[in-house]
Amino acid sequence: MRKEFKPEAWLYPMPVLIIGSYDVEGNANLMNAAWGGISNDTQISICISNYHKTTKNILERKAFTVSVGTADTVAGCDYVGMASGNAVEDKTERAGFTPVRSEKVNAPLFRELPFTLECELVAYYEDEPRLVGEIVGISIDESVLTDGKVDVKKLKPISFDAVNNRYLILGESVAEAFSVGKKLI
Ligand SMILES: Cc1cc2nc3c(=O)[nH]c(=O)nc-3n(C[C@H](O)[C@H](O)[C@H](O)COP(=O)(O)O)c2cc1C
């Protein structure tokens, strides 16, 4: 027996993408976005509304960063998804994030967010609305690496559970990809 639901923006897992940008004065801002993901080899697409400060910043600076939300920063990640930089001047500081200029793009990284994609603006389709970025660099804090690779146990990435309005922690490995299915070939 299966139960039917009306159409919703539900999927498992949904990401917690923390988008970083600078405004014209050089103030750093962040927002939380769940509606996005990799859409090409080195491209990311995220549905963000045009009234966000983030959108205005990105259209002006032609660049942004995308960090992965983490369990250690969950309150700050949630806060930047509720407060707008349009209304709260010290949003970034209140959220507990410390901006650091990216070496590759005109956008900030944040000391407390260890995994960050550095992106140049490719397009913004206002009517959809969808942002497309080219990933020109990936900056990862060494504190979340083991033997030079990302260690999810250290990174503690979180996922947005849109059905139950919760953040979930990711981290358990169940099998090796491109491998476990080989036994069925
Ligand atoms: C869990 C979560 C997911 C969100 N996902 C999106 C999203 O995918 N697209 C979007 O436009 N806004 C999304 N938001 C809302 C923005 O993060 C929010 O409006 C934020 O205040 C915008 O900040 P800004 O105006 O400083 O850019 C989300 C908020 C939360 C809490």
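Not measured: the values here are computed from a predicted model.

Asker: Please give an account of the sheet that holds strand S14 (residues 166–169) that cites residues and values.
Answerer: Read across the sheet, three strands follow the order S1-S13-S14 without closing on themselves; strand pairing throughout is antiparallel. Strands with a single pairing partner mark the edges of an open sheet, and in this sheet they are strand S1 (14–15) and S14. One ladder, built from two bridges, connects S1 with strand S13 (residues 158–161); its direction is antiparallel. Paired with Pro-15 across the strands is Ser-159, a residue of S13.

Asker: If you had to explain the site of the ligand to someone new, which residues and values would you point to?
Answerer: What surrounds the ligand is a group of 20 residues, the closest being Trp-35, Thr-54, Gly-81, Ser-84 and Gly-85. Only strand S3 (28–33) and helix H1 (53–61) provide two or more residues apiece to the shell around the ligand. Take the shell around the ligand: its biggest share by element is four residues, from S3. Split by residue class, the shell around the ligand holds nine nonpolar, nine polar and two charged.

Asker: I'd like a description of unusual backbone geometry, backed by residues and values.
Answerer: Each neighbour pair has its own omega, and for Tyr-12 with Pro-13 the value is -10 degrees, a cis peptide bond. Looking at the secondary structure, you find Pro-13 in the segment before S1. One non-glycine residue with positive phi stands out, namely Lys-62, at about 60 degrees. As for its position among the elements, Lys-62 is in the loop between H1 and strand S6 (63–68). The phi torsion at Lys-156 lies on the positive side, around 55 degrees, for a residue other than glycine. For Lys-156, the location among the structural elements is in the loop between helix H4 (152–155) and S13.

Definitions and cut-offs
- Residue numbering note: each chain is counted from 1, following its sequence as written.
- Local features are withheld for residues below a pLDDT of 70 in this predicted model, meaning they are given only at 70 or higher, and side-chain atom pairs are given and counted only at 80 or more; totals for whole chains, interfaces and linings count all residues.
- One requirement defines pairing of two strands: DSSP has to find at least two bridges between them.
- Helix numbers and strand numbers start at the N terminus; a helix is a DSSP run of H or I with at least 4 residues, a strand a run of E with at least 2.
- The C-beta atom of each residue is placed using the backbone, and any residue whose C-beta lies within 6 Å of a molecule or strand is treated as near it.
- In this classification, the charged set is Asp, Glu, Lys and Arg, the nonpolar set is Ala, Val, Leu, Ile, Met, Phe, Trp, Tyr, Cys and Pro, and all remaining amino acids, among them Gly, are polar.

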